Amino acid sequence: SHESNTVIEACDAVRRSSSPALRAEAALLEARLRFDLEQRGRAIALLSDANAIVPNDARPTAGLARVAITTGNREQSVQLAEMALRLEPMEFSVPCSLALAYANEQHERAQLGWAAANALAPDDAAVAEIAYAAAFVEGKHAEALALEGEGVGEDHALAGLLEEAE
């Protein structure tokens, strides 16, 4: 579409910037767009570029985990999501990628990921609904009910994820 091409052109221009932070942000934005356009190869290249520019930023690694999920490479998606968790556990995309990587395999780990994502973005209704459903499926009814009310505490959800990662 015209809008997609305009964003891609803008990202391309910014990636020629002298600022590493701007180049990384542009690569991440375009990678997300390419992913949404189902251009996985280009998304991977852009995420890899961003990872090289900002190696301590978990977002490119979390993005690569999501691409691995869509290509059916669950083992790689789990490895990348766990790597992102070690890099930057407080980055919203990390517990989301972790929850998606563990979906259908390790429900409790996936539920912890959604709870942590909900704690990091309590105003995101979509994440709250998924976290509620994941807790309920896991039989954690008290946590599910807490999500209906004021939400699961950030410390509890993130501590659970980090404890599992060690």
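Residues numbered from 1 in each chain as written. Predicted model: local features only at pLDDT ≥ 70, side-chain atom pairs only at ≥ 80, totals over all residues. Heavy atoms only, no water.

I would appreciate a short explanation of the pattern of salt bridges in the present structure.
Where side chains of opposite charge bring their charged atoms close, a pairing between them can arise. Taken as a whole and judged by the stated rule, the model has 6 salt bridges. Glu 30 is the salt-bridge partner of Arg 34, the closest N and O atoms lying 2.9 Å from each other. Of this pair, Arg 34 and Glu 30 both sit in helix α2 (residues 20–36), 4 residues apart, which is roughly one turn of that helix. What makes Arg 34 buried here is its relative accessible area of 15%. Here Glu 82 ties to Arg 109 by a salt bridge, and the two come within 2.9 Å at their closest N and O atoms. In this pair, Glu 82 sits in helix α5 (residues 74–87) while Arg 109 sits in helix α7 (residues 107–120), placing the two residues 27 residues apart along the sequence. Grouping residues by exposure puts Glu 82 and Arg 109 together as buried. (Salt bridge = Lys/Arg side-chain N within 4 Å of Asp/Glu carboxyl O. Helix = DSSP H or I, 4+ residues; strand = E, 2+ residues; numbered from the N terminus. Buried < 20%, exposed > 50% of the residue type's maximum accessible area, 1.4 Å probe, protein only.)

Just to check I follow, could you spell out the layout of surface pockets for this structure?
Over the atoms rolls a probe the size of a water molecule, and in doing so it shows where empty space is left. Its volume calculated, the largest pocket comes out at about 450 Å³. Arg 32, Arg 59, Gly 63, Arg 66 and Ser 93 are the residues nearest the centre of the largest pocket, which is lined by 23 residues in total. Broken down by secondary-structure element, the contributors of at least two residues to the lining of the largest pocket are α2, α4 (58–70), α6 (93–102) and α8 (125–137). No other element matches the 7 residues that α2 contributes to the lining of the largest pocket. A breakdown of the residues in the lining of the largest pocket according to their chemical character gives 13 nonpolar, 3 polar and 7 charged. (1 Å grid on protein atoms, 1.4 Å probe; cavity = no way out; pocket = protein on both sides within 12 Å on 5 of 7 lines; lining within 4 Å. Points joined across faces, edges and corners; volume = space filled by probe spheres on them. Nonpolar A, V, L, I, M, F, W, Y, C, P; charged D, E, K, R; others polar.)

Please clarify how α5 should be interpreted in this entry.
For the α-helix, the turn length of 3.6 residues means that residues three or four positions removed from each other point alike. Here α5 contains 14 residues, and its C-alpha end-to-end distance of 20 Å stays within 8% of the 20 Å for a straight helix at 1.5 Å per residue. Within α5 the residues assigned to the buried category are Ser 77, Val 78, Leu 80, Ala 81, Glu 82, Ala 84 and Leu 85. (Expected span 1.5 Å × (residues − 1).)

Explain the nonpolar core here, please?
Generally speaking, a soluble globular protein has its nonpolar side chains buried in company with each other. Ranked by size, the top nonpolar core spans 22 residues in total, and within it Leu 47, Leu 80, Ala 81, Ala 84, Val 94, Leu 98 and Tyr 102 carry the most contacts. Counting only elements with at least two residues in this core, the list comes to α2, α3 (40–53), α4, α5 and α6. The element that contributes the greatest number of residues to this core is α4, accounting for 6 residues. When sequence neighbours within four positions are dropped, the list of residues in contact with Val 94 reads Ala 58, Ala 62, Ala 81, Ala 84, Leu 85 and Glu 88. Counting 7 residues, the second largest nonpolar core, distinct from the first, contains Cys 96, Ala 99, Trp 114 and Val 127. (Core = buried A, V, L, I, M, F, W, Y, C linked by side-chain atoms within 4.5 Å. Contact = heavy atoms within 4.5 Å.)

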